[in-house]
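# Descriptive analysis of the structure
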Amino acid sequence: MKEVMIILRPKMYFKTKEALDKAGFHSLNVHEVTGRGREPVQYVLDEENGEIRHRLVAKRLVDMFVRDEEVQDLIDTVVEVNKTNHAGDGKIFVMPVEDAMRVRTGEQGLEAII
């Protein structure tokens, strides 16, 4: 089982969620986050300290837990919706998950996430 973390533009969230739902990926957690990638987005001058800082940009972080064999379909779905070939299209991180447990029933492993 894998954890897939997807960082995307806020305006793409509903379109991505709809595509994931159509592809059979219904379970997800969403967080409003701020951050920036490799390229500076905009500089902000802190007049008090005379420092120049990079502005953080609003993003959505979608966190999902899926079976190993579903990862590529999930990635393909997200890329299809979000790829514009411009900086800021997003990032996808895939990490192994050792175990999971559904608190209500005590189911463990894959049974806990399906």
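It should be noted that the structure appears before, not after, this text.
Anyway, here's the lowdown on the structure attached to this text. None of the values given here were measured: they were computed from a predicted structure.

Once that is clear, we can look at the packing of aromatic side chains. Summed over the entire model, instances satisfying the criterion amount to one aromatic pair. Residues Y13 and F14 carry aromatic rings whose centres are separated by 5.0 Å and whose planes lie at 65° to one another, so their mutual orientation is edge-to-face. Residue Y13 is classed as buried on the basis of its relative accessible area, which comes to 12%. Classification of F14 by relative accessible area gives exposed; the value is 62%.

With respect to the secondary-structure elements, D63 resides in strand 5 (residues 57-66). We note that D63 is buried and unpaired, the nearest opposite charge coming from K2 at a distance of 14 Å. Discounting chain neighbours no more than four positions away, the residues touching D63 are E3, V4, M5, L28, N29 and H31.

Our focus in this paragraph is unusual backbone geometry. One can expect most non-glycine residues to show negative phi and most peptide bonds to be in trans. Its identity as a non-glycine residue notwithstanding, N85 has a phi of 65°, on the positive side. Assignment of secondary structure puts N85 in the loop between helix 2 (71-82) and strand 6 (91-96).

Reading the values: rules and limits
Residues numbered from 1 in each chain as written. Predicted model: local features only at pLDDT ≥ 70, side-chain atom pairs only at ≥ 80, totals over all residues. Heavy atoms only, no water. Phe/Tyr/Trp six-rings, centres within 6.5 Å; stacked < 30°, edge-to-face > 60°. Buried < 20%, exposed > 50% of the residue type's maximum accessible area, 1.4 Å probe, protein only. Helix = DSSP H or I, 4+ residues; strand = E, 2+ residues; numbered from the N terminus. Lys, Arg positive; Asp, Glu negative; His and termini not counted. Salt bridge = Lys/Arg side-chain N within 4 Å of Asp/Glu carboxyl O. Contact = heavy atoms within 4.5 Å.

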